[in-house]
Amino acid sequence: MNFRVGFGFDVHRLAEGRALWLGGVRIEHTVGIVGHSDADVLLHALCDALLGAAGLPDIGHHFPDTDARWKGADSKVLLREVVRLIGERGWRVGNVDCSLVMERPKIKPHIPAMKRAIAPILGVEEDAVGIKATTNEKLGYVGREEGVCAYAVALIAKG
Ligand code: MG
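No experiment lies behind these values; they were computed from the predicted model shown.

Student: Teacher, can you tell me more about helix α4 (residues 111-122) here?
Tutor: Since the α-helix advances by 3.6 residues per turn, residues separated by three or four positions end up pointing in the same direction. Taking 1.5 Å per residue as the helical rise, α4 with its 12 residues ought to reach 16 Å, and the 16 Å between its terminal C-alpha atoms agrees with that figure. Its buried side turned inward, α4 meets β2 (20-22), β3 (25-27), α1 (41-53), α3 (75-88), β5 (92-101) and β6 (129-134).

In structure tokens form, the structure reads like this:
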């Protein structure tokens, strides 16, 4: 069995008048995330972790923000395409683990829905999708609620 790990990081600005999509789930909040697609920062970090594990170029290469096709795109579509790309090279997903860093709203109640949204796209059980959330202790751009960031690792396997 051949194993690889990958790491992903993403950051997006928060602003009024935008929807808040995180982990494939829409969350009601006073502000949302700014981006070319639905700006789902958690799924973007996850895409980069999977692409990195397979030694492929990053999410910006595959889905450039200059391409109108991806304007307002559901990031679950991007994740599905990433799983297809690594699958073409013989890789399947083992497990993933993600950390979301933001001050508000509370993410914990939404984690089960995120796992339900992500697991079938990756072709894994829900317990192979780790999602944690933490605040940034009111420090820096996350603490000032100017932005949100996410980290992800992924294990992929072949053979
Ligand atoms: Mg992004």
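The rest of the description comes next.
Student: Sorry if this is basic, but what is going on with the layout of surface pockets here?
Tutor: With a probe scaled to a water molecule rolled over the atoms, the places where space remains empty come into view. Each pocket or cavity is described by its volume, and for the largest pocket that value is around 250 Å³. Lining the largest pocket are 15 residues, with His36, Ser37, His44, Phe63 and Asp65 positioned closest to its centre. Broken down by element, the lining of the largest pocket gets its largest block of residues, 3 residues, from strand β1 (residues 2-15). A breakdown of the residues in the lining of the largest pocket according to their chemical character gives 6 nonpolar, 6 polar and 3 charged.

Student: Help me understand the packing of aromatic side chains, please; the structure alone is not making it clear to me.
Tutor: A ring pair, where both rings are aromatic, is described by two values, the distance of the centres and the angle of the planes. For the structure on display, the rule yields 3 aromatic pairs. Centre to centre, the rings of Phe7 and Tyr151 are 6.4 Å apart; their planes meet at 35°, and the pair counts as tilted. Residue Phe7 is located in strand β1, and its partner Tyr151 is located in strand β7 (residues 147-158); the two are separated by 144 residues in the primary sequence. Residue class for Phe7 comes out exposed when judged on its relative accessible area of 52%. Pairwise contacts between aromatic rings join Phe7, Phe9 and Tyr151 into one cluster.

What counts, and where the lines are drawn
- Residues numbered from 1 in each chain as written.
- Predicted model: local features only at pLDDT ≥ 70, side-chain atom pairs only at ≥ 80, totals over all residues.
- Heavy atoms only, no water.
- Helix = DSSP H or I, 4+ residues; strand = E, 2+ residues; numbered from the N terminus.
- Expected span 1.5 Å × (residues − 1).
- Contact = heavy atoms within 4.5 Å.
- 1 Å grid on protein atoms, 1.4 Å probe; cavity = no way out; pocket = protein on both sides within 12 Å on 5 of 7 lines; lining within 4 Å.
- Points joined across faces, edges and corners; volume = space filled by probe spheres on them.
- Nonpolar A, V, L, I, M, F, W, Y, C, P; charged D, E, K, R; others polar.
- Phe/Tyr/Trp six-rings, centres within 6.5 Å; stacked < 30°, edge-to-face > 60°.
- Buried < 20%, exposed > 50% of the residue type's maximum accessible area, 1.4 Å probe, protein only.

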